[in-house]
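Topology and contacts: notes
Now for the letters of each chain:
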Amino acid sequence: MYDVTVIGSGPGGYVAAIRCAQLGMKTALVEKYNTLGGTCLNVGCIPSKALLDSSEHFHQAKHQFAEHGIEIGEPKINLEQMMSRKDGVVGQTTDGINFLMKKNKVDVFHGFGSFVDKNTIKVTKEGGETEEFKTEKTIIATGSKPIMLPFIEFDKKRVITSTEALQLKEVPKHLVIIGGGVIGLELGSVYARLGAEVTVVEFLDGLIPMMDVTMGKELQRVLKKEGFKFHFKTKVTSVKVEGEEVMIKAEDKKGKELEIKADYCLVAVGRRPYTDKLGLENAGVKVDDRGRVDVNDHLQTSVEGIYAIGDVIKGAMLAHKAEEEGVFVAETIAGQKPHINYKLIPGVVYTWPEVASVGYTEQELKEEGRAFKTGSFPFRASGRARASMDIDGVAKVLADAETDEILGMHIIGPRAADMIAEGVVAMEYRASAEDISRMSHAHPTYTEAIKEACLAATDDRALHI
Ligand code: FAD
Ligand code: NAI
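Read on for a plain summary of the structure. (Residues numbered from 1 in each chain as written. Chains lettered and ligands numbered in written order. Predicted model: local features only at pLDDT ≥ 70, side-chain atom pairs only at ≥ 80, totals over all residues. Heavy atoms only, no water.)

1. Structural notes on the sheet that holds strand β13 (residues 245-252)
Two modes of strand pairing occur in sheets, parallel and antiparallel, and in both the strands are linked by backbone hydrogen bonds. Going by this rule: Strands qualify as paired when DSSP identifies two bridges or more between them. Helix and strand definitions follow DSSP, with helices as H or I runs of at least four residues and strands as E runs of at least two, each counted in order from the N terminus. Working convention: axes come from line fits to C-alpha atoms, limited for helices to the stretch in contact. Angles between N-to-C directions cover 0 to 180 degrees.
Reading across the sheet, the three strands line up as β12-β13-β14 and stay open at both edges, with antiparallel pairing between neighbours. Bordering the open sheet on either side are β12 (234-242) and β14 (257-262), each of which pairs with just one other strand. Averaged over all adjacent pairs, the angle separating strand axes in this sheet is 20°, with direction ignored. With eight bridges joining them, β12 and β13 adopt antiparallel strand pairing. Note that in β13 the partner of Glu242 across the bridge is Glu245.

2. Examining the packing of helix α3 (residues 45-63) against helix α5 (residues 79-103)
Test applied: For classification purposes, an angle smaller than 35 degrees is called roughly parallel, one larger than 145 roughly antiparallel, one from 65 to 115 roughly perpendicular, and anything else oblique. For any helix crossing, the convention is left-handed if the near helix is rotated counterclockwise from the far helix by under a right angle, and right-handed if that rotation is clockwise. In what follows, a contact means two residues having at least one pair of non-hydrogen atoms within 4.5 Å. Classification used: nonpolar for Ala, Val, Leu, Ile, Met, Phe, Trp, Tyr, Cys and Pro, charged for Asp, Glu, Lys and Arg, polar for all others including Gly.
Packing of α3 against α5 brings their axes to within 9 Å, and their N-to-C directions diverge by 140°. Put simply, α3 runs oblique to α5. As for the relative orientation of α3 and α5, their crossing is right-handed in sense. Packed against α3, whose contacting residues are Ile46, Pro47, Ala50, Leu51, Asp53 and Ser54, the element α5 presents Met82, Met83, Arg85, Lys86, Val89, Val90 and Thr93 at the interface. Each residue belonging to the contact of α3 with α5 can be placed in one class, and the counts come to eight nonpolar, two polar and three charged.

3. Quick notes on unusual backbone geometry
Note that the residue after Trp352, namely Pro353, is joined by a cis bond; omega there is 0°. Although it is not a glycine, Leu299 adopts a positive phi angle of roughly 60°. Looking at where Leu299 falls in the secondary structure, it is placed in the loop between α9 (280-283) and β17 (306-308).

4. Thoughts on the site of ligand 1
Stated precisely, the cut-off is as follows: It suffices for a single heavy atom of a residue to lie within 4 Å of a molecule or strand for the residue to be listed as near it. Polar contacts, as counted here, are pairs of nitrogen or oxygen atoms within 3.5 Å of one another; within protein the pair requires one atom able to donate a hydrogen and one able to accept it, and residues that are adjacent in sequence qualify only if both atoms are side-chain atoms. In this description, accessible areas are obtained by the Shrake-Rupley approach with a 1.4 Å probe, and a residue is regarded as covered only by the protein chains that are shown.
Within the structure, ligand 1 sits among 39 residues, and Glu31, Thr39, Lys49, Gly113 and Ala319 are positioned closest to it. Here Glu31 contributes a side-chain N or O atom positioned 2.6 Å from an oxygen atom of ligand 1. Between ligand 1 and the protein, one listed contact pairs an oxygen atom with a side-chain N or O atom of Asp311 at 2.9 Å. Protein contact buries 94% of the 1000 Å² of open area that ligand 1 shows by itself. Mapped by element, the contributors of at least two residues to the shell around ligand 1 are α1 (11-22), β2 (27-31), α2 (38-43), α3, β4 (112-117) and α10 (319-333). The biggest single contributor to the shell around ligand 1 is α2, with four residues.

5. With respect to the side chain of Glu164
Going by this rule: Buried residues are those whose accessible area, probed at 1.4 Å on protein chains only, stays under 20% of the maximum for their type, while exposed residues exceed 50% and partly exposed ones sit between those limits. Within this scheme the basic residues Lys and Arg register as positive and the acidic residues Asp and Glu register as negative, but His and the chain ends are omitted. Every case where a carboxyl oxygen of Asp or Glu lies within 4 Å of a side-chain nitrogen of Lys or Arg is listed as a salt bridge.
Along the polypeptide, Glu164 turns up in helix α6 (residues 162-165). Of the side chains with opposite charge, Lys156 comes closest to the buried, unpaired Glu164, at an N-O distance of 4.4 Å. There is a polar contact of 2.8 Å between the side chain of Glu164 and the backbone nitrogen of Thr161.

6. Here's the deal with the pattern of salt bridges
Any two side chains of opposite charge can pair if their charged atoms end up close together. For the coordinates displayed, the defined rule picks out 23 salt bridges. Between Asp212 and Lys396 there is a salt bridge; the shortest N-O distance is 2.6 Å. Of the two residues, Asp212 sits in the loop between β10 (197-201) and α8 (213-225) while Lys396 sits in strand β21 (residues 394-400), which places them 184 residues apart along the sequence. Overall, the relative accessible area of 0% leaves Asp212 in the buried class. Two residues, Glu218 and Arg221, come together in a salt bridge whose shortest N-O distance is 2.9 Å. Taken together, the residues Glu218 and Arg221, both in helix α8 and three residues apart, mark about one turn of the helix. Assessed through its relative accessible area of 17%, Glu218 is described here as buried.

7. Let's talk about the pairing of strand β19 (residues 354-359)
By the criterion of burial, β19 is predominantly enclosed, with six of the six residues buried. Alignment of strand β18 (residues 347-349) against β19, held across three bridges, turns out to be antiparallel. Bridging from a neighbouring strand, Val348 pairs with Ala356 of β19. Pairing of β19 with strand β22 (residues 406-413), which is carried by six bridges, proceeds in the antiparallel orientation.

8. Observations regarding the environment of Gly180
Residue placement: Gly180 occurs in the loop between β9 (174-178) and α7 (182-193). On the basis of relative accessible area, Gly180 is assigned to the buried category, the value being 3%. Those residues within four positions of Gly180 in sequence are excluded, and the remaining contacts are Leu185, Val200, Val201, Glu202, Leu207 and Ile208.

Okay, structure coming up:
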């Protein structure tokens, strides 16, 4: 009998298992694939960032080295080596999870997990043999899968999801991406930098609508400069594979038809919670109208003792959100009173420049009718950014008009993903823009842009613009 069984070994599941074990619970982890780490480590965050880095190096070698005074001739791509390095990074990272499970004495079962009843888990192995065991409590961490549009035939060769896009054997000549969301822009950036023509067909009228309005506009400007073509307010009506070509038909808002020919079509229109064949009905666990496992404020499902975390429940589909929830549930089971501030979970898009955001956006504050002040600082005015030729982007701070408390921080710029941590810390401690304005930021660093944005928000007193 296990105290806790975790189904799914992604960032939500494996972190929950570690924390349960740390708190003295006898813990089992069930994973259907041979490697641990889930979407994030195997076919998500880690491989995409490995390819983003490689492609950024290539882009710099091609477009910036000469200006730095480095002459290397025309750089060439060895895609096989690029993919093999990426696979190596994934391998090292997933091996690390095996080590952590051993270190924490978590029992790992490889096979498909399902509920026989509330306290019995069945594991079906690859060969079909099954094994059952008892558990006191269960954490569902089964994650998500790409949404498949019903009228598109995915042959997984020419019409692909992010999983295949992370292991292509050639650089597409023309990559059409359906969905200008996070996956589309990140993987589109990889192949655009490697020389592909990239066309994005997006249903809405702009990019990254969940982020502050300034971020989407600036990102669109930069990506256009990199060669991206965008068709906004456009709905795809059919995708057909014809030999080595893909024919995409779409219709804009006015009903005008559009035909685009490509050699690859990446469909990235969102992900859906994955609960297929999990036997939720055997345990009595309910899902909501969007197929997500329904949970209360303690992340407990409709059944006492069964919890759910990560992509399979409501909220942002982010690895660090899943991790926080893994720790939260483990501590809740142990009788502690943990807390997650969902408003302060940062979001990042790993294009270059990166986009990172935390707290309220300008649109949200306007909708709420809250009085606020804005301070911005463009990276082109930063000495550090000029030294590295990274002058696109802006740091933007939103603060309460009366109290000066920071309500939101939004950065599009070099290393924004790392810098946003300053905003998270500031907002967790309810700092004011004045507080950050008076803290010393090392010179020259990109973080000076945050300080300058805060100075701009407090009596318009930025020093370097
Ligand atoms: P998952 O990571 O999806 O893990 C679920 C696991 O459960 C899987 O291993 C699955 O095999 C297993 N499983 C499912 N059902 C069963 C079953 N019945 N029995 C046994 N095992 C089962 N997020 C970020 O924060 N930053 C990023 O940079 C980022 N980049 C991404 C890039 C891409 C291309 C993609 C696709 C996603 C990216 N994400 C990123 C999102 C991130 O991967 C997810 O939010 C995160 O993986 C969710 O974690 P999870 O633990 O909920 O589920
Ligand atoms: P997404 O939700 O980010 O974007 C999907 C886009 O497709 C939206 O802009 C939507 O308007 C558009 N769309 C939907 N239906 C369409 C249609 N029929 N035609 C044209 N456009 C259509 O989803 P995406 O990019 O698939 O990513 C899934 C999830 O993975 C995201 O929610 C994100 O949280 C996570 N992720 C996170 C990353 C990160 O943190 N850096 C990186 C990659 C993924």
